[in-house]
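If you want the building blocks of each chain, they are given just below.
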Amino acid sequence: MILILAPNTRPESPEYKQLMAHLANFTGISTRIHTEVGIEQTLTEIYLIGNTKVLSIEDVSCLPCVDSVVRVSEEYRVLGRHKNDDRPTYFEYNDVRFGQDTLNVFAGLCAVDTIEHVEMMMKALREHGQVCTRMGAYKPRTSPYAFQGHGKTCLPYVFDMAGKYGIKVIAMEITHESHLEEIRNALYQTGSATGVMLQIGTRNTQNFELLKIVGRQQNFPVLIKRGFGITLDESLNAAEYLASEGNRKVIFGLRGMKTNMGDPHRNFVDFSHVPAVKRLTRMPVCIDPSHSVGTRASSPEGILDIMHVTAQGIVAGANMVLVDFHPAPSNALVDGPQALLIKELPQFLEDIQIAREAYEKRTLLAERYREKQNTA
Ligand code: PEP
Ligand code: MN
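Thresholds applied
Residues numbered from 1 in each chain as written. Chains lettered and ligands numbered in written order. Predicted model: local features only at pLDDT ≥ 70, side-chain atom pairs only at ≥ 80, totals over all residues. Heavy atoms only, no water. Donors = N, O, S within 2.8 Å, 3.2 Å for Na, K, Ca; no water. Helix = DSSP H or I, 4+ residues; strand = E, 2+ residues; numbered from the N terminus. Buried < 20%, exposed > 50% of the residue type's maximum accessible area, 1.4 Å probe, protein only. Axes fitted to C-alpha atoms, helices over the stretch in contact; angles between N-to-C directions. Parallel < 35°, antiparallel > 145°, perpendicular 65-115°, else oblique. Left-handed = near helix turned anticlockwise from the far one by under 90°. Contact = heavy atoms within 4.5 Å. Nonpolar A, V, L, I, M, F, W, Y, C, P; charged D, E, K, R; others polar. Phe/Tyr/Trp six-rings, centres within 6.5 Å; stacked < 30°, edge-to-face > 60°. Lys NZ or Arg CZ within 6 Å of the ring centre and 35° of its normal. Expected span 1.5 Å × (residues − 1). Arc of directions from axis to C-beta. Near = heavy atom within 4 Å. Polar contact = N/O pair within 3.5 Å; in protein donor to acceptor, adjacent residues only side chain to side chain. Areas by Shrake-Rupley, 256 points an atom, 1.4 Å probe, with all protein chains shown as cover. pLDDT = per-residue confidence, 0-100. Salt bridge = Lys/Arg side-chain N within 4 Å of Asp/Glu carboxyl O. Core = buried A, V, L, I, M, F, W, Y, C linked by side-chain atoms within 4.5 Å. Pairing = 2+ DSSP bridges.

Some points on the coordination of the manganese ion (ligand 2)
No. 1: Protein coordination at the manganese ion (ligand 2): the donors are C110 (SG), H291 (NE2) and D335 (OD), at 1.9 to 2.3 Å from the metal.
No. 2: In primary sequence terms, the donor set of the manganese ion (ligand 2) follows C-x180-H-x43-D. Linking C110 in the loop between strand 7 (104–108) and helix 3 (115–127) with D335 in the loop between strand 14 (320–326) and strand 15 (340–341), this pair joins segments that are 225 residues apart in sequence. Across the pair, exposure class does not vary: C110 and D335 are buried alike.

Structure follows, in structure tokens:
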């Protein structure tokens, strides 16, 4: 059971103390407190853990400071959507809003190679009004002999360039807890020129110790990719690890599943799960058309498969697109064959706009028919 307290409830207030004293009397029930400090208000949620079936929602709702009560009826206690659950489905980070109602594009380099390429990418993004990007510094590779990313050495110039071109959020995968400290230090040294969204890659979806460490910090939001060979439920539980440790700024990323049935694509595209994840949880949902499709193949009408699946995910309500671009894909050190060209950025963005408008129209249509049925 979750008690949502009135906004800006102060822990030193007599009402709060009274509430906590009351909760302490419940036998076999422990409490876990989560505080979310926002720009306008501070929200406190108290999780009651244990045999809460004996408690009635009505009684608990009457306790001091309690605004509303949610009975956790399903899994994913923190990130899930429960009955009568009107907890937010969005968060803000570095002045950018991420929610189940918004759409953000993160076009960028799968792996940072040269400062020139970083600058070309960011310049193009600014020219097209983009404030988010992806920049890989730590690359988990199948072969130990493959390029593993420049690591911390590229961070200062990546962050400086981001500041120069008005990039507010960079999605960046980390594979080890030490990377967190390296990112923090580089941001500090560059005067916090930008923000970072930590990415947990598909190979680390169930690296529980990494999830706990990333979940314990609340500075950076997290994009967690679905595991490519596990069930959706297992991946959503992995996301819940982050939230249960305290970090609610979590986005869930679909990136295709590893199966030979994925042929002719690198992975089997799973973007039909966008609405399912939005129904089961309050997380914004990201799609990664690059790692799911994995090629620059195109259909007879001349549209790249990567653009087709992006549109499919967006028409179904996706909230974020993580996509590989490269100024010279044949020279890219990682995943060149799936990279879009910088000159394709405007078409990609316009195509996204068309798909988003279709999604918005579909939402209005559904609303209209719902109203009609309700009044019939
Ligand atoms: C990536 O986004 O660069 C990446 C390696 O993705 P995934 O973890 O989905 O393979
Ligand atoms: Mn890649």
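Here the narrative resumes, following the displayed structure.
A few points about the packing of helix 4 (residues 155–164) against helix 5 (residues 177–189)
No. 1: Two elements in contact, helix 4 and helix 5, have axes whose closest approach is 9 Å; the angle formed by their N-to-C orientations is 50 degrees. Judged on the interaxial angle alone, helix 5 and helix 4 are oblique. For the pair helix 4 and helix 5, the sense of crossing is right-handed. In this structure, helix 4 uses L155, P156 and F159 to contact helix 5, whose residues at the interface are E182, I183, A186 and L187.
No. 2: Each residue belonging to the contact of helix 4 with helix 5 can be placed in one class, and the counts come to six nonpolar, no polar and one charged.

Notes on the packing of aromatic side chains
No. 1: Enumeration according to the criterion identifies four aromatic pairs in this entry.
No. 2: Summarising the aromatic geometry, the rings of F98 and F106 are spaced 6.1 Å apart at their centres and angled 40 degrees between planes, so their arrangement reads as tilted.
No. 3: Through a chain of ring-to-ring contacts, the aromatic side chains of F91, F98 and F106 assemble into a single cluster.
No. 4: The aromatic ring of Y90 is capped on one face by R97, whose charged end is 3.9 Å from the ring centroid.

Some remarks on helix 5
No. 1: When the terminal C-alpha atoms of helix 5 are compared, their 19 Å separation across 13 residues agrees well with the 18 Å that a helix rising 1.5 Å per residue should span.
No. 2: Within the sequence span of helix 5, burial applies to H179, L180, I183, A186 and L187. Down the axis of helix 5, the buried side of the element spans an arc of 135 degrees, and every buried residue falls inside it. More than 90 degrees from the buried face of helix 5, the exposed residues found are Y188 and Q189.
No. 3: Elements in contact with the buried residues of helix 5: helix 4, strand 9 (169–173), strand 10 (195–200) and helix 6 (208–216).
No. 4: Immediately downstream of helix 5, the backbone of G191 shows phi near 65 degrees, a positive value.

A look at the site of ligand 1
No. 1: As a structural note, the neighbourhood of ligand 1 is formed by C110, R134, K139, E173, Q199, G201, T202, R203, K225, R255, D288 and H291.
No. 2: Here Q199 contributes a side-chain N or O atom positioned 2.9 Å from an oxygen atom of ligand 1.
No. 3: Summarising the interface, the protein chains cover 97% of the accessible area of ligand 1, which totals 290 Å² for the free molecule.
No. 4: Looking at the shell around ligand 1 residue by residue, the class counts come to one nonpolar, four polar and seven charged.

Digging into the confidence of the model for the chain
No. 1: Across the chain, pLDDT averages 95, with 99% of residues at or above 70.
No. 2: At the level of individual helices and strands, the chain shows its lowest average pLDDT in strand 2 (residues 29–37), which scores 89, and its highest in strand 13 (residues 285–287), which scores 99.

Looking at helix 10 (residues 305–315)
No. 1: Burial in helix 10 covers these residues: D305, I306, M307, V309, T310, G313 and I314.
No. 2: Check the buried side of helix 10 and you find it contacts helix 8 (274–280), strand 13, helix 9 (289–293), strand 14, strand 15 and helix 11 (345–375).
No. 3: Note on helix 10: the residue one or two positions beyond its end, G317, has a positive phi of about 105 degrees.

Quick word on the pattern of salt bridges
No. 1: The final tally for this structure, using the stated rule, is 19 salt bridges.
No. 2: The salt bridge involving E12 is made with R10; its shortest N-O contact spans 3.3 Å.
No. 3: On the basis of relative accessible area, R10 is assigned to the partly exposed category, the value being 47%.
No. 4: Residue R282 is joined to D85 by a salt bridge in which the shortest nitrogen-to-oxygen separation is 4.0 Å. Here the residue R282 occupies a position in the loop between helix 8 and strand 13, and D85 occupies one in the loop between strand 4 (66–70) and strand 5 (90–93), the gap between them amounting to 197 residues.

Description of the nonpolar core
No. 1: Counting 88 residues, the largest nonpolar core has F98, M122, M135, F159 and I183 as the members making the most contacts within it.
No. 2: Ranked by residue count, the leading element in this core is helix 7 (residues 232–244), at six residues.
No. 3: Residues within four places of M135 in sequence aside, it is in contact with L109, V112, V118, M121, M122, V158, I170, A171 and M172.
No. 4: Core analysis: the next-biggest nonpolar cluster, separate from the first, contains 16 residues, F26, I46, L48 and V66 among them.

Describing the side chain of S290
No. 1: In this fold, S290 is placed in helix 9.
No. 2: Classification of S290 by relative accessible area gives buried; the value is 0%.
No. 3: In this structure the side chain of S290 is engaged in a polar contact, spanning 2.8 Å, whose partner is the backbone nitrogen of D324.
No. 4: Contacts of S290, omitting those with residues within four sequence positions, involve I306, L322, V323, D324 and Q338.

Observations regarding the pairing of strand 3 (residues 42–50)
No. 1: Taken together, the three bridges between strand 1 (residues 2–5) and strand 3 define a ladder with antiparallel strand orientation. Note that in strand 3 the partner of I2 across the bridge is Y47.
No. 2: Pairing geometry for strand 2 and strand 3, over nine bridges, is antiparallel. Paired with R32 across the two strands is Y47, which belongs to strand 3.
No. 3: Linking strand 2 to strand 3, which pair antiparallel, is a turn of four residues.

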